[in-house]
Amino acid sequence: MSNEASEEVILLKERFIPVSKDQFLSLLLNKFESDREKQLFGQLCGAIECLFYVNRISKIENFKQSYAPFSRLSGIKTKQNQLSNKELSIRQTKLMKMIYDTLTDAHFEAITFEMYKNSIEKVFLSDLPIKVDWPKLDSFLLTKFYQQYPSMNPYQNLK
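## Considerations on the environment of Met98
With respect to the element layout, Met98 can be found in helix H3 (residues 85-105). Between the C-alpha atoms of Met98 and Ser66, which are 32 residues apart in sequence, the distance is 9.3 Å.

## Brief notes about a nonpolar patch on the surface
Together, Phe63, Tyr67, Phe70, Ile99, Leu103 and Phe108 make up an exposed nonpolar region whose accessible area comes to about 540 Å². Of all the secondary structure elements, the ones that give two or more residues to the nonpolar patch are helix H2 (35-67) and H3. Considering the arrangement of structural elements, one finds Phe70 in the loop between H2 and H3. Classification of Phe70 by relative accessible area gives partly exposed; the value is 33%.

## What to know about the pattern of salt bridges
Two side chains bearing opposite charge may form a pair once their charged atoms approach each other closely. Per the counting criterion, the structure on display carries four salt bridges. A salt bridge links Lys21 to Glu49, with the nearest nitrogen and oxygen atoms 2.4 Å apart. Taken together, the residues Lys21 in helix H1 (residues 21-29) and Glu49 in helix H2 connect sequence positions 28 residues apart. Lys21 gets classed as exposed once you look at its relative accessible area, which sits at 51%.

## Details of the side chain of Ser66
Mapped onto the elements of the fold, Ser66 is located in helix H2. We classify Ser66 as buried; its relative accessible area is 2%. If we skip the residues at most four places from it in the chain, Ser66 touches Arg91, Lys94, Leu95 and Met98.

What counts, and at which threshold
Residues numbered from 1 in each chain as written. Predicted model: local features only at pLDDT ≥ 70, side-chain atom pairs only at ≥ 80, totals over all residues. Heavy atoms only, no water. Helix = DSSP H or I, 4+ residues; strand = E, 2+ residues; numbered from the N terminus. Patch = residues over 30% accessible without salt bridge, like charges linked within 9 Å, V, L, I, M, F, W, Y side chains within 5 Å. Areas by Shrake-Rupley, 256 points an atom, 1.4 Å probe, with all protein chains shown as cover. Salt bridge = Lys/Arg side-chain N within 4 Å of Asp/Glu carboxyl O. Buried < 20%, exposed > 50% of the residue type's maximum accessible area, 1.4 Å probe, protein only. Contact = heavy atoms within 4.5 Å.

Nothing here speaks to function; it is all geometry.
Here it is in structure tokens:
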């Protein structure tokens, strides 16, 4: 037996297929022999696509509903639009959860303080400065959010 060093490879889930949807569908449709099968498969693909759009639209509407009370562009506040502090807190937490879910789906990871410190001390190829406006950071909001969703706290193991 040889003593070769093994190398661990971590593959991230890729959510992008570098082929257009129409090209992919036409390649799949060419696999069917009869026109009837092609038509039925095309209808199935259309129905599946509609389900994805309905899900996406539903997420966007929930996001807009949770964000509306915090938007500067929300317009005139009426009695109907005024929410209690408890309802605002619930919407704020829901909004934070949606933002975290979106970032997780996009493979973003929270940086640690050590990573931040390293980025300040070193010059990277992109030469983009990293700055944090600490006075504007609402640490209470994050603390409250991480108390409700401890599994999403990237800093839970640093204690």
